[in-house]
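Observations on the model geometry
Chain by chain, the residues run as shown.
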Amino acid sequence: MRAAVFETFQGPITIQTVADPTPREHGVVVKVTATGLCRSDWHGWMGHDPDIRLPHVPGHELAGVIEAVGKGVRKFKIGDRVTVPFVCGCGSCPQCSSGNHQVCDRQSQPGFTHWGSFAEYVALDYADTNLVLLPEEINDVTAATLGCRFITSFRAIVEQGKVAKGQFVAVHGCGGVGLSAIMIATALGAQVIAIDINKDTLAIAREMGAIALVNASNNADVISEVKAITKGGAHVSIDALGSQNTCYNSIANLRKRGKHIQVGLMTGDHQHPNTPMDLVVANELEILGSHGMQAHKYPEMLKMIRDGQLHPEKLIEKTISLEEATKALPRMGNFEHKGIMVITSF
Ligand SMILES: [Zn+2]
Ligand SMILES: [Zn+2]
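Calculation criteria
Residues numbered from 1 in each chain as written. Chains lettered and ligands numbered in written order. Predicted model: local features only at pLDDT ≥ 70, side-chain atom pairs only at ≥ 80, totals over all residues. Heavy atoms only, no water. Helix = DSSP H or I, 4+ residues; strand = E, 2+ residues; numbered from the N terminus. Rg over C-alpha atoms; globule rule 2.2 N^0.38 Å. Buried < 20%, exposed > 50% of the residue type's maximum accessible area, 1.4 Å probe, protein only. Contact = heavy atoms within 4.5 Å. Areas by Shrake-Rupley, 256 points an atom, 1.4 Å probe, with all protein chains shown as cover. Lys, Arg positive; Asp, Glu negative; His and termini not counted. Charge placed at Lys NZ, Arg CZ, Asp CG, Glu CD. Core = buried A, V, L, I, M, F, W, Y, C linked by side-chain atoms within 4.5 Å. Donors = N, O, S within 2.8 Å, 3.2 Å for Na, K, Ca; no water. Tetrahedral: all angles 85-135°; square planar, octahedral: opposite > 155°, others 65-115°. Phe/Tyr/Trp six-rings, centres within 6.5 Å; stacked < 30°, edge-to-face > 60°. Expected span 1.5 Å × (residues − 1). Pairing = 2+ DSSP bridges. Right-handed = clockwise from strand over helix to strand, strands pointing away. Salt bridge = Lys/Arg side-chain N within 4 Å of Asp/Glu carboxyl O. Polar contact = N/O pair within 3.5 Å; in protein donor to acceptor, adjacent residues only side chain to side chain. Axes fitted to C-alpha atoms, helices over the stretch in contact; angles between N-to-C directions. Left-handed = near helix turned anticlockwise from the far one by under 90°. Nonpolar A, V, L, I, M, F, W, Y, C, P; charged D, E, K, R; others polar.

**A look at the overall build of the protein**
A tally of helices and strands in the protein yields 12 helices and 15 strands. Relative to the 2.2 N^0.38 estimate, which gives 20 Å for 346 residues, the radius of gyration of the protein is 20 Å and therefore close to what a compact globule would have. Taking the principal axes of the C-alpha coordinates as reference, the protein spans close to 55 × 40 × 35 Å. The burial tally for the protein puts 55% of its 346 residues in the buried class. Counting only contacts in the protein whose residues sit at least 6 apart along the sequence, the fraction spanning at least 24 positions is 70%. Total accessible area on the protein stands at roughly 14500 Å², and carbon and sulfur atoms take up 50% of it. One way to put it: in the protein the 31 positive side-chain charges average out to a point 5 Å from where the 34 negative ones average out.

**Observations regarding the nonpolar core**
Of all hydrophobic cores here, the largest spans 53 residues; its most connected members are Ile-157, Val-169, Ile-182 and Met-301. Of the residues forming this core, the biggest block, eight residues, is contributed by helix α5 (residues 146–160). Met-301 has contacts with Leu-146, Phe-150, Ile-151, Phe-154, Met-293 and Leu-310, leaving out every residue within four places of it along the chain. Among the nonpolar cores identified, the runner-up in size contains 39 residues, and Met-1, Ala-3, Leu-37 and Ala-328 belong to it.

**Focus on the coordination of the zinc ion (ligand 1)**
For the zinc ion (ligand 1), every protein donor is listed as Cys-38 (SG), His-60 (NE2), Glu-61 (OE) and Cys-148 (SG), and the spread of their distances is 2.0 to 2.3 Å. Coordination at the zinc ion (ligand 1) is tetrahedral: its four donor atoms span angles of 94 to 123° at the metal. Here the donor residues for the zinc ion (ligand 1) map to a single chain with the spacing C-x21-H-E-x86-C. Of this pair, His-60 sits in the loop between α1 (39–46) and β4 (61–69) while Cys-148 sits in helix α5, and the two are 88 residues apart along the sequence. Each of the two residues, His-60 as well as Cys-148, counts as buried.

**What about the packing of aromatic side chains?**
Inspection of every chain in the model, using the stated rule, returns one aromatic pair. Arranged with centres 6.2 Å apart and planes meeting at 55°, the rings of Phe-6 and Phe-9 form a pair that is tilted.

**Focus on helix α6 (residues 176–187)**
Taking 1.5 Å of rise per residue, the 12 residues of α6 would be expected to cover 16 Å, and the 17 Å separating its terminal C-alpha atoms lies within 8% of that figure. Counting buried positions along α6 yields 10 of 12 residues, so the element is predominantly enclosed. Along α6, the positions that sit buried rather than exposed are Gly-176, Val-177, Gly-178, Leu-179, Ser-180, Ala-181, Ile-182, Met-183, Ile-184 and Ala-185. In this structure, the buried residues of α6 make contact with α5, β8 (168–172), β9 (191–196), α7 (199–207) and β11 (234–239).

**Looking at the pairing of strand β13 (residues 286–289)**
Note: strand β12 (residues 254–262) against β13, four bridges, orientation parallel. Each bridged residue has a counterpart across the sheet, and for His-260 the counterpart in β13 is Ile-287. Considered for its hand, the β-α-β crossover made up of β12, helix α10 (residues 277–282) and β13 is right-handed.

**Topic: the pattern of salt bridges**
Within this structure, the stated rule accounts for 10 salt bridges. One salt bridge connects Arg-257 with Glu-284, and the closest N-O pair in it is separated by 2.5 Å. Note that Arg-257 is positioned in strand β12 and Glu-284 in the loop between α10 and β13, a separation of 27 residues in sequence.

**Some remarks on the environment of Ile-195**
If you trace the backbone, Ile-195 turns up in strand β9. When the C-alpha atoms of Ile-195 and Pro-299 are compared, they prove to be 30 Å apart, with 104 residues separating the residues in sequence. Residues within four places of Ile-195 in sequence aside, it is in contact with Ala-170, Val-171, His-172, Gly-173, Cys-174, Leu-202, Val-214, Ala-216, Val-222 and Val-226.

**A closer look at the side chain of His-260**
Its location among the elements puts His-260 in strand β12. Using a relative accessible area of 1% as the deciding quantity, one classes His-260 as buried. Within the structure, the side chain of His-260 is placed 3.0 Å from the side chain of Gln-262, a separation counted as a polar contact. His-260 has contacts with Ser-237, Asp-239, Cys-247, Ser-250, Ile-251, Leu-254, Glu-286, Ile-287 and Leu-288, leaving out every residue within four places of it along the chain.

**Topic: the coordination of the zinc ion (ligand 2)**
Any two of four tetrahedral donors ideally make an angle of 109.5 degrees at the metal, while pairs among six octahedral donors ideally make 90 or 180 degrees. At this site the zinc ion (ligand 2) is bound by Cys-90 (SG), Cys-93 (SG), Cys-96 (SG) and Cys-104 (SG), with donor distances of 2.3 to 2.4 Å. Viewed at the metal, the four donor atoms of the zinc ion (ligand 2) are separated by angles of 102 to 117°, and the geometry they form is tetrahedral. Mapping the donors of the zinc ion (ligand 2) onto the primary sequence yields the spacing C-x2-C-x2-C-x7-C. Both residues of the pair, Cys-90 and Cys-96, belong to the buried class.

**Focus: the packing of helix α8 (residues 222–229) against helix α9 (residues 244–252)**
Between two packed helices, both the angle of their axes relative to each other and the distance between the axes serve to describe the pair. Put simply, α8 and α9 touch, their axes get as near as 9 Å, and they point 35° apart. Crossing angle aside, the handedness with which α8 passes α9 is right-handed. Contacts between α8 and α9 involve Val-222, Ile-223 and Lys-227 from the former and Tyr-248, Asn-249 and Ala-252 from the latter. Classifying every residue of the contact of α8 with α9 by side-chain character gives four nonpolar, one polar and one charged.

In structure tokens form, the structure reads like this:
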């Protein structure tokens with residue numbers, strides 16, 4: 001098969017012909033029809049992910065058609081059109097047994113723990129636990145946008161944040177995660193304040209439903225601005241970027257008993273940020289994470305998409321080829337893109 005391969009971290013990514021994957025006993029091989037480019041792939045290429053072994057094929061936000069099934073697979077068959085969450089659970093550890101496959105103790109992640117979907121075919125483990133059959137109304141390109149940023153935001157807003165109608169929700173950072181969070185919170189009837197340093201990005205945040213915008217460039221006092229707009233602070237606030245600053249602001253702009261949800265990955269120098277624990281105690285704030293979403297929670301989200309309450313396709317900036325992705329991936333750290341790029345030709 002053709003695949004985009006890198007042999008050194010931060011080195012060239014080239015199209016190579018490599019061996020086709022074969023399914024494990026409880027896994028499948030999927031013929032990839034669409035796969036999104038994500039900053040997590042960039043983190044992997046940079047060498048920030050300890051799971052990656054070289055040479056490596058990135059890619060974890062995918063849709064496709066089952067090409068081969070392992071003999072232990074019961075619920076899926078060749079020809080089924082499917083997607084997966086980026087965290088694939090084992091189905092039997094204590095986390096999975098409690099329904100929390102998104103934090104599985106033995107999780108596999110295509111594009112991290114094994115070769116991913118920047119290729120004609122990808123192997124996926126524990127198919128019965130992790131695959132999601134795609135309804136006809138949701139096309140492959142849209143489905144490829146769901147598996148990482150969208151589901152993580154969905155879980156952050158719906159499960160972790162329990163966002164309710166009329167609440168104020170602050171979203172710090174308006175990339176793919178942030179824009180998804182704005183769309184989902186707005187669909188639930190929340191009033192969303194979008195914070196970013198780029199005015200073009202903020203304009204898109206407005207299109208996704210944000211009722212107020214805060215431009216964090218020019219030394220703006222983000223915390224005071226959010227507190228003024230929300231008359232005392234946000235009920236729920238999300239760091240959708242993953243930085244010391246956005247994390248701090250997201251906690252400090254909450255009202256009493258508010259919830260901060262960390263969605264943006266904290267890597268490198270940002271791993272252990274300065275946190276205003278004085279406010280956490282005095283105001284009884286909650287700090288939660290969101291790490292993908294289990295396959296068995298997809299139906300609620302897919303229903304909202306089918307009912308026209310959510311429009312993940314609005315997050316797609318453009319479709320590209322596998323060749324173009326080899327050039328685009330190293331540039332993902334530059335924040336040049338206003339939406340999600342999806343590879344559709346291999
Ligand atoms: Zn991703
Ligand atoms: Zn597990």
